Amino acid sequence: MNGPAADPAVASDTVITADRAAVTLGGRPVWSDLSLEVGAGEFVAVLGPNGAGKSTLARAVLGLVPLAAGSLRVLGERPGRHNDAIGYLPQRRSFDPGLRVRGRDIVRLGLDGDRWGLPLPWRSRHGDEARVAETIAMVGGEAFADRPVGEMSGGEQQRLLVAQALVRRPRLLILDEPLDSLDLPNQAAVAALVAEVCADGVAVVMVAHDVNPILPYVDRVVYLGRGAAVSGRPAEVITSSTLSGLFGTPIEVLHASDGRMVVVGQPEPPAYHADRHAHS
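Read on for a plain summary of the structure. (Residues numbered from 1 in each chain as written. Predicted model: local features only at pLDDT ≥ 70, side-chain atom pairs only at ≥ 80, totals over all residues. Heavy atoms only, no water.)

1. Brief notes about the overall build of the chain
What counts, and what does not: Secondary structure counts use DSSP, requiring at least four H or I residues in a row for a helix and at least two E residues in a row for a strand, with both numbered from the N terminus. When accessible area is computed with a 1.4 Å probe and restricted to protein chains, residues below 20% of their type maximum are described as buried, those above 50% as exposed, and intermediate ones as partly exposed. Working rule for contacts: check all heavy atoms of both residues, and any pair within 4.5 Å makes them a contact. For the accessible areas, the method is Shrake-Rupley and the probe is 1.4 Å, while residue cover comes only from the protein chains on display.
Secondary structure assignment for the chain yields seven helices and 12 strands. Residues counted as buried form 47% of the 280 residues belonging to the chain. Across the chain, the fraction of contacts at a sequence separation of at least 24, relative to all contacts at a separation of at least 6, is 63%. For the chain, the exposed area adds up to about 12800 Å²; of that, 52% sits on carbon and sulfur atoms.

2. Brief notes about the nonpolar core
Our working rule: Side-chain atoms within 4.5 Å are what join buried Ala, Val, Leu, Ile, Met, Phe, Trp, Tyr and Cys residues into a set we call a nonpolar core.
The biggest cluster of nonpolar side chains holds 50 residues, and the ones touching the most others in it are Phe43, Leu173, Val204, Ile214, Tyr223 and Leu243. When near neighbours in sequence (up to four residues on either side) are disregarded, Val204 contacts Glu42, Phe43, Val44, Leu173, Leu175, Val194, Val197 and Cys198. Membership of the second largest hydrophobic core comes to 32 residues, among which are Leu36, Val44, Val46 and Leu72.

3. Notes on the environment of Leu57
Mapped onto the fold, Leu57 is located in helix 1 (residues 54-61). Judged by relative accessible area, Leu57 falls into the buried class, the value being 7%. Residues Leu57 and Leu34, 23 residues apart in the sequence, show an inter-C-alpha distance of 9.9 Å. Not counting chain neighbours up to four residues away, the residues in contact with Leu57 comprise Trp31, Leu34, Val46 and Val222.

4. Brief notes about the sheet that holds strand 2 (residues 28-39)
Condition: The rule for pairing is simple: two strands pair if DSSP sees at least two bridges between them. Lines are fitted to the C-alpha atoms to define the axes, a helix being fitted only along its stretch in contact, and any angle between axes, read from their N-to-C directions, falls within 0 to 180 degrees.
Strand order in the open sheet formed by three strands is 2-1-4, with antiparallel pairing between adjacent strands. Where the open sheet ends on each side, the last strands, each with one partner, are strand 2 and strand 4 (69-74). Put simply, the sheet's adjacent strands are angled 20° from each other on average, direction ignored. Pairing of strand 1 (residues 14-25) with strand 4 involves five bridges; the strand directions are antiparallel. Along strand 4, the bridge assignment pairs Ala22 with Ala69. Lying over the sheet, helix 1 contacts strand 1, strand 2 and strand 4, oriented at roughly 60° with respect to strand 2.

5. Re the sheet that holds strand 7 (residues 203-207)
The six strands are arranged 5-6-7-3-8-9 in an open sheet whose pairing can be described as mixed. Strands with a single pairing partner mark the edges of an open sheet, and in this sheet they are strand 5 (86-89) and strand 9 (228-232). The average undirected angle you get between the axes of adjacent strands in this sheet is 15°. In this structure, strand 3 (residues 43-47) lies alongside strand 8 (residues 220-225), joined through four bridges in parallel fashion. Within strand 8, the position partnered with Val46 by the bridge is Val222.

6. Here we look at the packing of aromatic side chains
Heads up, the condition is: Side-chain rings of Phe, Tyr and Trp, where Trp is taken by its six-membered ring, are said to pair if the distance between their centres is within 6.5 Å; with planes under 30 degrees apart they count as stacked, over 60 as edge-to-face, and otherwise as tilted.
Summed over all chains, the structure comprises one aromatic pair. With centroids separated by 6.0 Å and ring planes inclined at 90°, the aromatic side chains of Tyr223 and Phe247 adopt a geometry described as edge-to-face. Taken together, the residues span a long stretch of sequence, with Tyr223 in strand 8 and Phe247 in helix 7 (residues 240-247) at a distance of 24 residues. For the pair Tyr223 and Phe247, one class covers both residues: buried.

7. Details of helix 7
What counts, and what does not: Throughout, the arc means that of the directions going from the helix axis to the C-beta atoms.
Buried residues of helix 7: Leu243, Leu246 and Phe247, and no others. Angular distribution of buried residues about the axis of helix 7 spans 85°; they occupy a single face of the element. In helix 7, the exposed residues that point more than 90 degrees away from the buried face are Ser241 and Gly245. In the stretch just after helix 7, Gly248 is the one whose phi turns positive, near 70°.

This is the structure:
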């Protein structure tokens, strides 16, 4: 994915830097003491139970939620300064089965949806079409991009929504629960697609409820719980001592013979984590 020359103000391998960052909403601490560095091409998963503030972290990176303490830099500047270089996919939207808008036009909204579909006067319509087609091909959507989006499967819709977030060729991609409501094969397919995006040099921050489908590809995780945050490599964070300290309750991480980690006792249904990094 070859984009235009990088802005010198944001030309850096470091995409996100957080130093003891904290967010408070309505007088209630959401999370605190978050320190994190995300580099170009890294895949970061944001994990934690419902209500832990995972989506709030995504919004803080976009500059939509202010910090109560600490610092957060995104593409070298304060959050919100370079949102034109960020692709964002919010929590999954449901399309009416009768919606006749083509998938190709859903992707195009990533280019000009903020202008009610009006193209920029200095950019050629042909250039727009070429970029939309290139991005659809990147996500493997050529076979269904011209069908009405309401007739597509959930996995097909999600591929095109990822394309919508990628069509501006961002340096950072933020995905909020993109695997929610997808069946296991489609979860695996979308996870592999995101890993390919990272291989092209785009940093990805994915909010996830279940880490299992993405852990084979993840470089680091951020775990949120009880108003606190921990981050690091999966094998460093998903441990009995780290999670017990985070949640303030005994958590046990078991290692299966095939390398999987089983997390038992966290304040949500147990999740099973395939541990690629323990052997790397």
